[in-house]
Amino acid sequence: MKFAVQATSSTSSARAGVLTELGRLADREIHTPACLLYSTSGSAPYLTHSLLAQYMKGAPLVAHLPVGFAAEHQESLEAFGKGMGKYAVMENRLIFSTFHDSAEGFPTGFNDKNGASVWSRGGKIKLDVERFIKLQEAIRPDWYQPLCDSDTDRNSSKKRLQKAVDRTLHFLDSCIEKHSASQVLKSSAIFGVIEGGYDVNERIRSAKQTCLRPVEGFILEGFHRFGPEMEQFQIMDIEAVLKDTTAVLPDHKVRYLPGMWSPGAIIKAVQCGIDLFDSTYPYLLTERGCALVFPFKVSPGLTDENIWNNEASYHIDLNDKRYFDDFTPLLKGCECYTCQNYTKAYLNHLCNTGELLRGVLLMIHNFHHFFSFFETLRKSTEENKLETFRKLVERTEVTKPS
Amino acid sequence: MSATRKAHALSFKVLAECSTTKARVSKLILPHHEVDTPVFMPVGTQGTLKAMLPDQLEEMDCQIILGNTYHLGHRPGPELLEKAGGLHKFMNWNRNLLTDSGGFQMVSLLKLAEITEEGVKFESPHDGSTMMLTPEKSIEIQNSIGADIIMQLDDVVHSTTTGPRVEEAMWRTIRWLDRCLKAHGRPHDQSIFPIVQGGLDAELRKKCAQELTKRDVSGFAIGGLSGGEEKSQFWRMVSLSTDHLPLDKPRYLMGVGFAVDLVVCCALGCDMFDCVYPTRTARFGTALVPTGLLNLKLEKFSRDFRPIDENCGCSTCSQYTRSYLHTIAGHKPVAAQLITVHNVKYQLNLMRGIRKSIMENTFPKFVQDFMSALFPSKDYPEWAVEALASVNVTLR
């Protein structure tokens, strides 16, 4: 793949770029900042291939698939012989095999110098390099995250962080070695994973060392162990470390920061030099019965003052009794299938009765809203208007119910 | 022999009759859409067909689905549904709806339901207070929901009940029908169907059918069956019921949806069916196929890379393998979606095949082929053999 920066910011490390030469989907392009389509167990949550094709035409080109699912069904995948994309009916998208499921947390203490653990429905699966590469050969990803040790957080000791950095580099080298010898993985792009917790020195060491390897992009992990707890995560705690880390990374390779970041945090991360994000955040809200409604359209007359006078809200909780007889759409003016055809009252009914359709309709809306937010984010980055955009989004985050 | 009767909100025309059995193909025209019968009606209990979007149903040309009055009457309630402009609008389904009366579910779901002449007395699930569902109230709720076909409140007894209770229920059902008809607030766009009761007693059933036929209604339901009684008695009561119902009006056999039952009961002269089974079993990971069932949760499917059914044509079968479905069956919402789509398509395909063969007057052959696929060793269920023999179809 090829990544070119098209616009930079005068006040931050933000950049707008474009990914081309995307291998299997060579005629397509991805403009960054961008998000990836969350695909647990091979499918987008609640959305089959047909539903995605029909109601989510603007959905991301790249799907991120946590490797635990493939690990659990490795034998079936191998027998199938045509890769995860075809298996899960996702082959019209680029398949990015990632390590952890960023919507679920993972427990600490299950990695060592020989391998790292992932979790699936059947429980823990420990992967060493050999099994890991064999697994990737069954998956046939377009992009993949190599074996890594991301089991650290803000409280990790220096010793532990050093181990994480060293092991991850060692795993990367072993993966690259096996990757080079593999016919099947010839056209798969391998990323480098940058570890180091909150320690800026370890982060820079990890970044500089990873740069020396032939990787096609960078994944920044090891700040947390994912999962819904990330909602309480304060991105400002890692802003400095993020900036310092991206500063030593080459411009022409993408940087991916997985995790359930809120839109405000995403914008801050973009200002720290990050290009790619996952889409677990709208999924989290869907599971709660909530719909994203925060405004993000930056109109020409928008000033700091009228941002603060704007009474718009961030998200609405469809479980709330107040929506029982509210026959308006989730978000006025939203063009998604759900808002065009259903009312808050109906969604409230589906929430009360615990019906499956609740998830389908909310996921369509939340994905649509999130993907639209990214479109505006990209545009704002291209036009160097990120600060105003950030203030608009953050204003509603301040008012959101806890 | 076919006739057209324009009756308020429903018209029914028999297009072709099987020259061997009592099966017939008809066109039913309701306010929202037309319906080709015999028809299987999927059940969308709480105003949603579980994981499916109404658009997906429309795409596979589903013409009519069910809603359950007991559930909808509780949540979101009739007042809200009226405010919403009716259930069609509320759930974004523009074709036909049929609602049941709420009585059956009340009796089967609520422990303290007691039946009196006035109605069904039950304990409110909200606050434990005593409430009463009368024929008038049931119709009032169904008027608010706005389905194209609504059911009378009937006095339902369990199909295995014997003794004077069965006769009492039969007569009360007739009296409640009259109260329902009187209370009906929307005869111009909703048709009430009476329900033939009488348990497993041939005389009572016959009497009931004759009485109900005297009323000015556009169609009939056959109730009180498909509840655990012996199959050999089941089919006899179905056949007896259709024998004593007018030919020029639809016959709705309630609660029937297993493939064998559908085929046999079409042969016995039924036109409409409903059952939660296909959609419910989908959510538990079981797919319906011409040879029976596929429990996709079983390990044996982990390396089966065929679609559920090569000849199905649904969106699931055109893209997904049994192996992949096995990995998610029963525990991911997407699996419920995918298998439900298939199972509904299976049912609709089956009915389409039945109708086509009746039109072409090859229905007996269709039945034979269907049964052979399902029972390759010819171990046909005894009751089905008898039932089909009664309408001149001998299974080889």
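Just so it is clear, the model here is predicted, and its values are computed rather than measured. (Residues numbered from 1 in each chain as written. Chains lettered and ligands numbered in written order. Predicted model: local features only at pLDDT ≥ 70, side-chain atom pairs only at ≥ 80, totals over all residues. Heavy atoms only, no water.)

A. The sheet that holds strand β8 (residues 114–115) of chain B, seen in detail. Residue and element names in this part refer to chain B. Strands sit in the order β8-β9-β10 across an open sheet of three strands; the sheet is antiparallel. Each edge of the open sheet is held by one strand with a lone partner, namely β8 and β10 (130–133). Strand direction decides the pairing type here: β8 and strand β9 (residues 120–123), joined by two bridges, are antiparallel. Each residue of the ladder has a partner; that of E114, found in β9, is K121. (Pairing = 2+ DSSP bridges. Helix = DSSP H or I, 4+ residues; strand = E, 2+ residues; numbered from the N terminus.)

B. Spotlight on the packing of helix α10 (residues 259–267) of chain B against helix α13 (residues 333–359) of chain B. All names here are of chain B. Their axes nearest at 11 Å, the elements α10 and α13 cross at an angle of 25 degrees. Considering their axes alone, α10 and α13 lie roughly parallel with respect to each other. Handedness of the α10/α13 crossing: right-handed. Every residue of α13 that contacts α10 at A259, L262, V263 and C266 is listed here: Y346, Q347, L350, M351 and I354. Here the residues of the contact of α10 with α13 sort into eight nonpolar, one polar and no charged. (Axes fitted to C-alpha atoms, helices over the stretch in contact; angles between N-to-C directions. Parallel < 35°, antiparallel > 145°, perpendicular 65-115°, else oblique. Left-handed = near helix turned anticlockwise from the far one by under 90°. Contact = heavy atoms within 4.5 Å. Nonpolar A, V, L, I, M, F, W, Y, C, P; charged D, E, K, R; others polar.)

C. Structural detail: the UniProt feature "binding site: Zn(2+)" (unreviewed entry) in chain A. Residues and elements named next belong to chain A. The feature "binding site: Zn(2+)" (unreviewed entry), as annotated in UniProt, sits at C334, C336, C339 and H365 in this numbering. Across 32 residues in sequence, these annotated residues keep their C-alpha atoms within 8.5 Å of one another, forming a single compact spot. For C334, the location among the structural elements is in the loop between β17 (315–317) and α12 (337–341). Once residues lying within four places of it in the same chain are set aside, the contact partners of C334 are C339, Q340, H365 and H368. Topologically, C339 is positioned in helix α12. If we skip the residues at most four places from it in the chain, C339 touches P329, L330, L331, C334 and H365. (UniProt positions renumbered as here; feature names shortened; annotations may be inferred.)

D. Highlighting helix α8 (residues 202–213) of chain B. All names here are of chain B. Over its 12 residues, α8 runs 16 Å from end to end, which matches the ideal 16 Å to within 8%, given 1.5 Å per residue. If you check which residues of α8 are buried, you get L204, R205, C208, A209, E211 and L212. The arc that holds every buried residue of α8, seen down its axis, measures 165 degrees, which confines them to one face. Contacts from the buried residues of α8 go to α7 (164–183), β13 (195–196), β14 (220–222) and α9 (231–243). By the N-cap criterion, in which a side-chain oxygen at the helix start approaches the backbone nitrogen of a residue two or three places on, α8 is capped by D201, the distance to E203 being 2.9 Å. (Expected span 1.5 Å × (residues − 1). Buried < 20%, exposed > 50% of the residue type's maximum accessible area, 1.4 Å probe, protein only. Arc of directions from axis to C-beta. Polar contact = N/O pair within 3.5 Å; in protein donor to acceptor, adjacent residues only side chain to side chain.)

E. Quick peek at the pattern of salt bridges. Under the definition given, this model contains 52 salt bridges over all chains. One salt bridge in this structure joins D199 of chain A and K158 of chain A, with 3.2 Å as the shortest N-O distance. Of the two residues, D199 of chain A is situated in the loop between β12 (192–194) and α7 (200–211) and K158 of chain A in helix α6 (residues 158–181); the sequence distance between them amounts to 41 residues. Residue class for D199 of chain A comes out buried when judged on its relative accessible area of 16%. By relative accessible area, K158 of chain A is classed as partly exposed at 39%. For D369 of chain B, the salt bridge goes to K365 of chain B, with nearest N and O atoms at 2.7 Å. Separated by four residues within a single helix, D369 of chain B and K365 of chain B lie in helix α14 (residues 363–374), roughly one turn from each other. Judged by its relative accessible area of 52%, K365 of chain B falls in the exposed class. Put simply, D149, D151, D153, R160, R167 and R225 of chain A are held in one network by salt bridges that share partners. (Salt bridge = Lys/Arg side-chain N within 4 Å of Asp/Glu carboxyl O.)

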